Amino acid sequence: MTANPEIDSILQRGADGGRITPEEALLLYTEAPFHELGEAADAVRRRRHPEGIVTYLIDRNINYTNVCVTACKFCAFFRAPKHKEGWAHPIEEILHRAGEAVELGATQVMLQGGHHPDFGVAYYEHLFSSVKQEFPQLAIHSIGPSEILHMAKVDGVSIEDAVIRIKAAGLDSIAGAGAEMLPDRPRKAIAPLKESGARWLEVMAIAHRHGLSSTATMMMGTGETNFERIEHIRMIRDVQDLAVANGYSDVAVEQSHEVGGFRAFIPWTYQAENNHLKGRTQATTMEYLRFIAVSRLFFDNISHLQASWLTTGKDIGQLSLHMGVDDLGSIMLEENVISSAGAKHRSNLQELITMIRTADRIPAWRDTWYKHLAVHLTPADDPTDDRVVSHFSSIALPGGGVRKALPLVQTS
Ligand code: SF4
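Residues numbered from 1 in each chain as written. Predicted model: local features only at pLDDT ≥ 70, side-chain atom pairs only at ≥ 80, totals over all residues.

Undergrad: Any chance you could break down the site of the ligand for me, citing the residues and the numbers?
TA: In the neighbourhood of the ligand, the contacting residues comprise Cys-68, Thr-70, Ala-71, Cys-72, Cys-75, Phe-77, Phe-78, Gly-114, His-115 and Ser-146. Among the residues forming the shell around the ligand, the class breakdown is 6 nonpolar, 4 polar and no charged. (Near = placed C-beta within 6 Å. Nonpolar A, V, L, I, M, F, W, Y, C, P; charged D, E, K, R; others polar.)

Undergrad: Got a sec to walk through the environment of Val-325? Specific residues and values, please.
TA: Mapped onto the secondary structure, Val-325 falls in the loop between helix 13 (314-319) and strand 9 (327-330). Of the residues examined, Val-325 has 29 C-beta atoms within 10 Å and is grouped as buried. Each C-alpha atom, one on Val-325 and one on Ala-307, is 6.3 Å from the other, the two residues being 18 residues apart in sequence. Among residues more than four places away in sequence, those in contact with Val-325 are Ile-292, Leu-305, Gln-306, Ala-307 and Ser-320. (Helix = DSSP H or I, 4+ residues; strand = E, 2+ residues; numbered from the N terminus. Buried ≥ 20, exposed ≤ 12 C-beta atoms within 10 Å, placed from the backbone. Contact = placed C-beta atoms within 7 Å.)

Undergrad: Account for helix 9 (residues 197-209), with residues named and values stated.
TA: With 13 residues, helix 9 ought to run about 18 Å at 1.5 Å a step, and its terminal C-alpha atoms sit 18 Å apart, in line with that. Among the residues of helix 9, those classed as buried are Gly-197, Trp-200, Leu-201, Val-203, Met-204, Ala-205, Ala-207 and His-208. One or two residues past the end of helix 9 sits Gly-211, with phi positive at roughly 80°. (Expected span 1.5 Å × (residues − 1).)

Undergrad: Now, about the pairing of strand 3 (residues 108-112): what can you tell me, with residues and values included?
TA: Of all 5 residues in strand 3, 5 are buried, a share of seventy percent or more. Both faces of strand 3 are covered, namely the face carrying Gln-108, Met-110 and Gln-112 and the face carrying Val-109 and Leu-111. Two strands pair when backbone bridges link them, and strand 2 (residues 59-63) and strand 3 are joined in this way by 5 bridges, in the parallel orientation. Bridging from a neighbouring strand, Asp-59 pairs with Gln-108 of strand 3. At this point the chain moves from strand 2, through helix 4 (residues 91-103), to the parallel strand 3, and the crossover so formed is right-handed. For the crossover that starts at strand 3, traverses helix 5 (residues 121-134) and ends in the parallel strand 4 (residues 139-142), the hand is right-handed. (Pairing = 2+ DSSP bridges. Right-handed = clockwise from strand over helix to strand, strands pointing away.)

Undergrad: I'd like to hear about the confidence of the model for the protein chain, residue by residue, with values.
TA: Overall, the predicted model of the protein chain reaches an average pLDDT of 88, with 88% of residues at or above 70. Per-residue pLDDT stays below 50 along residues 251-258; that stretch engages in 12 contacts with residues further than four places along the chain or on separate chains. When the criterion is pLDDT under 50, residues 394-412 qualifies, and its contacts beyond four places in sequence or with other chains add up to 26 contacts. (pLDDT = per-residue confidence, 0-100.)

Undergrad: Break down the sheet that holds strand 1 (residues 53-57) for me, with residues and values.
TA: Pairing within the open sheet is mixed, and its 4 strands lie in the order 9-1-10-11. The sheet is open, and its two edges are formed by strand 9 and strand 11 (372-375), each paired on a single side. In this sheet, neighbouring strand axes are inclined to one another by 25° on average, regardless of whether the strands run parallel or antiparallel. (Axes fitted to C-alpha atoms, helices over the stretch in contact; angles between N-to-C directions.)

Undergrad: Quick rundown of the environment of Gly-38? Include the residues and the values.
TA: Of note, Gly-38 is situated in helix 3 (residues 34-48). When the 21 C-beta atoms within 10 Å are taken as the criterion, Gly-38 is described as buried. Excluding anything up to four places from it in sequence, Gly-38 contacts Ala-293, His-322 and Met-323.

Undergrad: Summarise unusual backbone geometry; cite the residues concerned and give the values.
TA: Backbone geometry places Ala-71, a non-glycine residue, at a positive phi of 50°. Mapped onto the fold, Ala-71 is located in the loop between strand 2 and helix 4. Notably, Tyr-370 is not glycine yet its phi reads approximately 70°, a positive angle. Turning to its location among the elements, Tyr-370 is positioned in the loop between strand 10 (362-366) and strand 11. Here Tyr-370 falls in the partly exposed class, since 19 other C-beta atoms lie within 10 Å of it.

Undergrad: Report on the packing of helix 2 (residues 22-31) against helix 11 (residues 285-298), specifying residues and quantitative values.
TA: Orientation of helix 2 relative to helix 11, taken along the N-to-C sense of each, is 155°, at an axis distance of 9 Å. Overall, the two elements helix 2 and helix 11 adopt an arrangement that is roughly antiparallel. Viewed along their axes, helix 2 and helix 11 form a crossing whose handedness is right-handed. In this structure, helix 2 uses Ala-25, Leu-28 and Tyr-29 to contact helix 11, whose residues at the interface are Arg-290, Phe-291, Val-294, Leu-297 and Phe-298. Each residue belonging to the contact of helix 2 with helix 11 can be placed in one class, and the counts come to 7 nonpolar, no polar and 1 charged. (Parallel < 35°, antiparallel > 145°, perpendicular 65-115°, else oblique. Left-handed = near helix turned anticlockwise from the far one by under 90°.)

Undergrad: Residue-level account of the UniProt feature "binding site: [4Fe-4S] cluster" (unreviewed entry) in the protein chain, with values.
TA: Those places that UniProt annotates as "binding site: [4Fe-4S] cluster" (unreviewed entry) correspond, in this numbering, to Cys-68, Cys-72 and Cys-75. Within the secondary structure layout, Cys-72 lies in the loop between strand 2 and helix 4. Here Cys-72 falls in the buried class, since 23 other C-beta atoms lie within 10 Å of it. Excluding residues that lie within four positions of it along the chain, Cys-72 makes contacts with Ile-190, Ala-191 and Lys-194. Positionally, Cys-75 belongs in the loop between strand 2 and helix 4. (UniProt positions renumbered as here; feature names shortened; annotations may be inferred.)

Undergrad: Please provide a residue-by-residue account of the environment of Gly-176, values included.
TA: Along the chain, Gly-176 falls in the loop between strand 5 (173-174) and helix 8 (184-190). Residue Gly-176 is classed as buried on the basis of its C-beta count, with 23 C-beta atoms lying within 10 Å. Put simply, Gly-176 and Ala-264 are 88 residues apart on the chain and 9.1 Å apart in space, counted from C-alpha to C-alpha. Beyond its immediate sequence surroundings of up to four residues, Gly-176 is in contact with Gly-144, Ser-214, Thr-215, Ala-216, Thr-217 and Ile-266.

Undergrad: Residues and numbers for helix 5, please.
TA: Spanning 14 residues, helix 5 covers 20 Å between terminal C-alpha atoms, matching the ideal 20 Å at 1.5 Å per step. Within helix 5, burial applies to Val-121, Tyr-124, Leu-127, Phe-128 and Val-131. For helix 5, the arc enclosing every buried residue in end-on projection is 130°, short of the 170-degree limit, so these residues lie on one face. Those residues of helix 5 that are exposed and angled more than 90 degrees off the buried face are His-126 and Gln-133. Where helix 5 is buried, its residues contact helix 4, strand 3, strand 4, helix 6 (145-155) and helix 7 (159-169). (Arc of directions from axis to C-beta.)

Have a look at this one:
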């Protein structure tokens, strides 16, 4: 109970699975007492995931190019076309990295890159079909609406055509990349050449219609207001309502690969190094944790909430497990994009599992669709492969230059 009956009533309704309005979410975000807010969000988690399981994933983010025409101000990864530090990996290199990931138990690859001026739909068809042909066991959870818009523009085809073709080529799931901040004002301030938030959501809705489910993300801390943060999740919830109403998303059958809609929401905090936006992240730990909790209460139509230990740190990632989070995301055998803007946190399989267990949750290894691959009820059930650790390669770091070989190859 709090001193404010209005806040009490909203928290109770949210905890019981009722819908809260954007105005109510803003009130909770700015005024609800921290512990009561976390307790209500945790009640949602307990109802949705009563077995107390928190999941993790093993995947690798493989970057195919850092060349990009979109020049987002917060991005430390991209290089403009013709820049001497620009690169595009041949398919052999991508397959090599995917093969290393498979050897280490990855079930997913996230192929991620810039908007290369020459990369149309055929490039992505070749990329996805090559990976799928070589490693059919890998789920391809990759690219985002911005890349789909870019490839459609390069080739002069419709978004629908691009989605149908890349799905047929092997794309299993669309990453929530490029959401940044969806409302117009903060989006234009940090990514003036990117499509609007409404357009980003339109592409997601088309993909959902074609049976591709996705995640949704949010980058906090570049100067957006509290109202704009809530507006971001309001926009996503409205599109998910559409997916649910049309039967593209159904919690009961969400593990079917043929179901669309958003499977998870993943907020993360802006990293301020090596980019044109500079400044420091303006999302404090408390703002992040409060937002996590409000998101859990607000998204009555999205199953999973993922913490971003990569940007916030492992302690805060663990704490978020008591604010409504049910998934710690990936070990990330390789990550370059957020790391090049300053995210320095790394982890490994044992550490991630320990973080979950010592937060009084049951760790479980999952696949892209949240199907449990192994539930580690006791430490005796834990996997023992100490090679499964987070890395970042040197390719996107200041100075660019030659890629350092990852130690992942020392496996056979
Ligand atoms: S965030 Fe993506 S679209 Fe924006 S500049 Fe970086 S690579 Fe390009």
